[in-house]
Amino acid sequence: MKKLIIVLLVLGLGVLVFLRWPKELPTEMKESPQKSEALEKMVQTRINNLQDQGIEVLIEGKSIRKFNYEVKMDDEAKLMVQDSFLEDIMGCSVLVYGNGKTVVDRAETEISFSPSELNGESSLIPISDHLSQLGYSVTYNMVKGTVNFTNTDGGKNLPAKYDLREHDRVSPVRDQGTFGTCWAFASLAALETVSMPAEENIYSVDHMSLNNGFTLDLSEGGEHTMSMAYLASWNGPVLEEDDVYGDGETNSNLPAVKHLKEAIIIDGKDDNRIKNAIFKYGGVETSIHMEMTYGAYKSEYYNSDTSSYYYSGSEAPNHDLVIVGWDDNFSKDNFSTPPSKDGAYICKNSWGTSFGDEGYFYVSYEDTNICEKSIVYTKLDDTDDYDNIYQTDILGWVGQMGFSDEKAYFANVYTAQGDETLKAVSFYSTGSNTKFSVFLVTNYEDEKSLNGGRKEIGQGETRYAGYYTVDLTQEINLEKGQKYAIIVSVETPGSQRPIAIECDGGERTQNLDLTDGEGYISLYGEVWYSAEESNANVCLKAFTDDR
């Protein structure tokens, strides 16, 4: 491999020499040990420089520099990458186990790395010796300092069957009983898969159901926006052992044991996207119309012999569950009424292990409602990520606001409670392919401050609707008592109201508090309107560390 790289470097450097060398070149150059040694030193020097300066990564010739993936080169010019690069760019599934072992899956390939094979504390994964197995080839340009990844298998990264249970990525099946808490069971079951197999936690459904800010009890249903609001506001999750399900008691003072940083919403049926989400991130929360009730497992749409379900009617969804895998070859003849093609999602229910296949069942790809709306929890962090949260939207994304335009600005004003460093901001993207920019006003006085002196501190694009946290790349110090404003501009294609707001949503939002914040909205970022005067709070949070 090293000799091959040297040959490539000679070719690359040769072009440079030809362009810059004096015209009086000798007609003959004899090979010598000294020349070979000098060339190898030159190559090694270039590798060392690229190790210090960093290399630019190209995918099919296009740079991905702006995404800041960590890709490094060792002394033999072999590449090492972080797990998110393997997941997002190469379409792999990366599993980290508690003992430090890392497993990379792509299609039918599985590659294991022991802790000793990984690169120290950064745990970068060495991939150069496995590129063909992972469906890619790489070419180097040492003169320009680039590596170009080219797909070689047509993007076929998914196996025909995948089951999280076979990869230690699901928590035990639970039983909601007669309560209307399937939404909370589904949300938390999906959330539990994010940290697995390295870490297995069972989260409290009681706590999510009774401490989410909404006025509803265990007998009433809920939805994914309530789950996201509860998690995003640091109300939870808490462990099941600290707040046991169904005992009629809860403790609202329990601190969250994890912090949600990102959750995406996939709208509309798209089997490939759903499968990729399961493969990369874990369980997918979704809804179906269940023509059965808890404890009564008979329906014309359910085949108890094969634990299969296919609803072809027009009723709206009424039950939440978690997709934990798929089987493209699951026969259509397994269903009571056969759909037009084979294939089913493997679903985890919350009716205990007596239902289906020890709590699991197969739902046809063609089921009317499954995956019409799907929620994927993609980033979950420990609670030491930030020290403080500033927010006014405990109920989260209840409604939307805008100016009959896909573009808009929104802002929240906060006062630093101590000497702190601003580390991140978060907000909801209300539609797919939303472009955003984040601005900061460090010394806010009044609405005029939102126009003058604002500084851009971040930008990007979200592929899906959902909840996003933007970590800042620069240190911004705040003094105790300092009033500051976070401003976000968004452009959401096709939207007329791209701003997510907390507002009156009926009986369940009786705890809405419009006195706890100072928010503003604007079309062009020039003329600002009070969100509170429009009976809303802007969904825009700030996160700081103590100094």
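See above for the structure.
Since the model is a prediction, treat every value here as computed from it, not as a measurement. (Residues numbered from 1 in each chain as written. Predicted model: local features only at pLDDT ≥ 70, side-chain atom pairs only at ≥ 80, totals over all residues. Heavy atoms only, no water.)

A.B. asks: Explain the nonpolar core to me, and be specific about the residues and the numbers.
C.D. replies: Of all hydrophobic cores here, the largest spans 84 residues; its most connected members are Tyr309, Ile323, Tyr345, Phe361, Tyr377 and Tyr428. A total of eight residues in this core trace back to one element, the largest contributor, which is helix α4 (residues 182-194). When neighbours within four sequence positions are excluded, Tyr377 is seen to be in contact with Ser187, Ala190, Leu191, Val194, Ser227, Met228, Leu231, Leu260, Glu262, Ala263, Tyr281 and Glu285. By size, the runner-up hydrophobic cluster in this structure holds 30 residues, among which are Phe427, Ile499, Ile501 and Ala531. (Core = buried A, V, L, I, M, F, W, Y, C linked by side-chain atoms within 4.5 Å. Buried < 20%, exposed > 50% of the residue type's maximum accessible area, 1.4 Å probe, protein only. Helix = DSSP H or I, 4+ residues; strand = E, 2+ residues; numbered from the N terminus. Contact = heavy atoms within 4.5 Å.)

A.B. asks: Help me get a handle on the pairing of strand β22 (residues 407-415), residues and values and all.
C.D. replies: Burial analysis of β22 places seven of its nine residues in the buried class, the great majority of the element. Sheet topology places β22 next to strand β27 (residues 483-491); nine bridges connect them, and they run antiparallel. Note that in β27 the partner of Ala411 across the bridge is Ile487. Where β22 and strand β29 (residues 519-522) come together, four bridges link them in antiparallel fashion. In the sheet register, Ala411 faces β29, and the bridge partner there is Tyr520. (Pairing = 2+ DSSP bridges.)

A.B. asks: So what's going on with the side chain of Asp163? Residues and values would help.
C.D. replies: For Asp163, the location among the structural elements is in strand β11 (residues 161-163). On the basis of relative accessibility, which here comes to 5%, the residue Asp163 falls in the buried class. A distance of 2.8 Å separates the side chain of Asp163 from the side chain of Arg165, its partner in a polar contact. Sequence-distant contacts of Asp163, defined by excluding residues within four places in its chain, comprise Val324, Gly325 and Ile346. (Polar contact = N/O pair within 3.5 Å; in protein donor to acceptor, adjacent residues only side chain to side chain.)

A.B. asks: Can you break down a negative patch on the surface residue by residue, with the values?
C.D. replies: Negative charge collects at one region of the surface, where Glu445, Asp446, Glu447 and Glu533 lie side by side. Here Glu447 shows up in the loop between β24 (434-441) and β25 (455-462). Of the residues examined, Glu447 reaches a relative accessible area of 37% and is grouped as partly exposed. (Patch = residues over 30% accessible without salt bridge, like charges linked within 9 Å, V, L, I, M, F, W, Y side chains within 5 Å. Areas by Shrake-Rupley, 256 points an atom, 1.4 Å probe, with all protein chains shown as cover. Salt bridge = Lys/Arg side-chain N within 4 Å of Asp/Glu carboxyl O. Lys, Arg positive; Asp, Glu negative; His and termini not counted. Charge placed at Lys NZ, Arg CZ, Asp CG, Glu CD.)

A.B. asks: An account of the environment of Arg169 is needed here, citing residue identities and associated values.
C.D. replies: Inspection of the secondary structure puts Arg169 in the loop between β11 and α4. When its relative accessible area of 2% is taken as the criterion, Arg169 is described as buried. Between the C-alpha atoms of Arg169 and Met196, which are 27 residues apart in sequence, the distance is 5.1 Å. Leave out the neighbours within four places in its chain, and Arg169 touches Ser93, Leu95, Tyr162, Leu164, Thr193, Met196, Pro197, Ile278, Phe279, Lys280, Tyr281 and Gly282. Reaching out from Arg169, the side chain makes a polar contact with the side chain of Tyr162 at a distance of 2.9 Å. A polar contact of 3.2 Å, which involves the side chain of Arg169, links it to the backbone oxygen of Phe279.

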